[in-house]
Amino acid sequence: MTSTTGPETRIEADPKLPTIRIVREFDAPRERVFRAWIDPELVVRWLGPKDLDMKIDTWDGRTGGHYRYSAHRDGQEIAAFYGSFHEVRPADRLVQTFTYEGVPDGVSLETATFEPAGEGRTRVTVLSVVDSLAARDAILASGMEHGVVEGYQQLDALLAGS
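Position labels on residues start from 1 in each chain and follow its written sequence. Local features in this predicted model are restricted to residues whose pLDDT is 70 or higher, and side-chain atom pairs enter the listing and the counts only when it is 80 or higher, whereas totals over whole chains, interfaces and linings include all residues. Remark: hydrogens and water are excluded; side-chain values derive from all non-hydrogen atoms of the structure.

Side note on the nonpolar core
Basically, it comes down to this: Among buried residues, the Ala, Val, Leu, Ile, Met, Phe, Trp, Tyr and Cys ones that are joined through side-chain atoms within 4.5 Å form a nonpolar core. Burial classes follow relative accessibility: with a 1.4 Å probe on protein chains only, a residue under 20% of its type's maximum area counts as buried, one over 50% as exposed, and anything between as partly exposed. Helix and strand labels come from DSSP, where a helix needs a run of H or I of at least four residues and a strand needs a run of E of at least two; each type is numbered from the N terminus. Note on definitions: a residue-residue contact is assigned when non-hydrogen atoms from the two residues lie within 4.5 Å.
Trp37 and Leu94 are the most contacted members of the largest nonpolar core, which has 34 residues in total. Secondary structure elements with two or more residues in this core: β3 (19-26), α1 (30-38), α2 (40-46), β5 (66-73), β6 (76-89), β8 (108-116), β9 (122-129) and α4 (144-160). The leading source of residues in this core is α4, at 6 residues. Not counting chain neighbours up to four residues away, the residues in contact with Trp37 comprise Phe26, Val43, Trp46, Trp59, Leu94, Ala112, Phe114, Val124, Val126, Tyr152 and Leu155.

Digging into the side chain of Glu150
Rules: Neither His nor the chain ends contribute to the count of charged residues, in which Lys and Arg are positive and Asp and Glu negative. Salt bridges, as used here, are contacts in which a Lys or Arg side-chain nitrogen is within 4 Å of a carboxyl oxygen on Asp or Glu.
By the secondary structure assignment, Glu150 is in helix α4. One buried charged side chain, Glu150, makes no salt bridge at all; its nearest oppositely charged neighbour is Lys50, positioned 5.2 Å away. Setting aside residues no more than four positions away along its own chain, Glu150 makes contact with Gly48, Pro49, Lys50 and Asp51.

Focus on the packing of α1 against α4
The condition is simple: Here the axes come from fitting lines to C-alpha atoms, over the contacting stretch only for helices, and the angles between their N-to-C directions go from 0 to 180 degrees. We call two directions roughly parallel when the angle between them is under 35 degrees, roughly antiparallel when it is over 145, roughly perpendicular when it lies between 65 and 115, and oblique otherwise. Crossing handedness is read from the near helix: turned anticlockwise from the far helix by less than a right angle, it gives a left-handed crossing, and turned clockwise, a right-handed one. Any residue that is not Ala, Val, Leu, Ile, Met, Phe, Trp, Tyr, Cys, Pro, Asp, Glu, Lys or Arg is counted as polar, Gly included; the first ten are nonpolar and the last four charged.
Direction vectors running N to C along α1 and α4 enclose 125 degrees, while the axes themselves pass 11 Å from each other. Relative to α4, the element α1 is oriented oblique. Handedness of the crossing formed by α1 with α4: right-handed. On α4, the residues that touch Arg32, Val33, Ala36 and Trp37 of α1 are Tyr152, Leu155, Leu158, Leu159 and Ala160. Class assignment of the residues belonging to the contact of α1 with α4 gives a composition of 8 nonpolar, no polar and 1 charged.

Side note on unusual backbone geometry
The phi angle at Asp74 is positive, at roughly 55 degrees, despite the residue not being glycine. Among the secondary structure elements, Asp74 is positioned in the loop between β5 and β6. Asp74 gets classed as exposed once you look at its relative accessible area, which sits at 75%. Not every positive phi belongs to a glycine, and Ala91 is a case in point at roughly 65 degrees. Mapping Ala91 onto the fold places it in the loop between β6 and β7 (93-100). A relative accessible area of 10% places Ala91 in the buried class.

Remarks on the side chain of His72
Applicable threshold: Polar contacts, as counted here, are pairs of nitrogen or oxygen atoms within 3.5 Å of one another; within protein the pair requires one atom able to donate a hydrogen and one able to accept it, and residues that are adjacent in sequence qualify only if both atoms are side-chain atoms.
Along the chain, His72 turns up in strand β5. Given a relative accessible area of 10%, His72 falls into the buried group. Within the structure, the side chain of His72 is placed 2.9 Å from the side chain of Ser70, a separation counted as a polar contact. With residues up to four places along the chain from it excluded, the contact list for His72 reads Asp51, Leu52, Asp53, Lys55, Glu77 and Ile78.

Some words on the environment of Ser84
Inspection of the secondary structure assignment puts Ser84 in strand β6. A relative accessible area of 28% means that Ser84 is categorised as partly exposed. Through-space distance from the C-alpha of Ser84 to that of Gly64 is 6.8 Å; in sequence the pair is 20 residues apart. When residues no more than four places from it in sequence are discounted, the contact partners of Ser84 are Gly65, His66, Tyr67, Val95, Gln96 and Thr97.

Observations concerning the pattern of salt bridges
The tally for this structure, following the rule as stated, stands at 20 salt bridges. Salt-bridge contacts for Arg21 lead to Glu12; the nearest nitrogen and oxygen are separated by 3.8 Å. When its relative accessible area of 34% is taken as the criterion, Arg21 is described as partly exposed. One salt bridge connects Arg68 with Glu77, and the closest N-O pair in it is separated by 3.7 Å. A relative accessible area of 22% means that Arg68 is categorised as partly exposed. For Glu77, a relative accessible area of 44% gives the class partly exposed. Members of the salt-bridge network, linked through shared partners, are Glu8, Arg24, Glu25, Asp27, Glu115, Arg121, Arg123 and Asp156.

Right, dumping it as structure tokens:
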């Protein structure tokens, strides 16, 4: 299955593998895009749907570090996520675990790679691996596509300086 949302975001799910691949290009150099992915002051400005406020509870963005953040609507926490940073290779690669607190057995391993995509542009590819096709399908059915697309639109605006 491949889904293209908006002009640039591709969300792909191989029918035979418990994976989700998201590919998106950004109009900024790798260093700036990577910093937006790892600097907590920037992450809260773009991550997730537009109607949610993200709050960082813990953020140690280095190899061996960990994080927890929560999503709020109208002042109420509606979801929280946590994980560990397994590899932080600036402007190149970020490997982390990701868990939604509502499904604590549903840990995914996510690898984000940051590649040049032409003059001043960056292609980010995120590969998420989960433990079953059923878990992968539940993630896809959860509305994650909406949060990814809106989050990336907010990241576009952040990178453009608006």
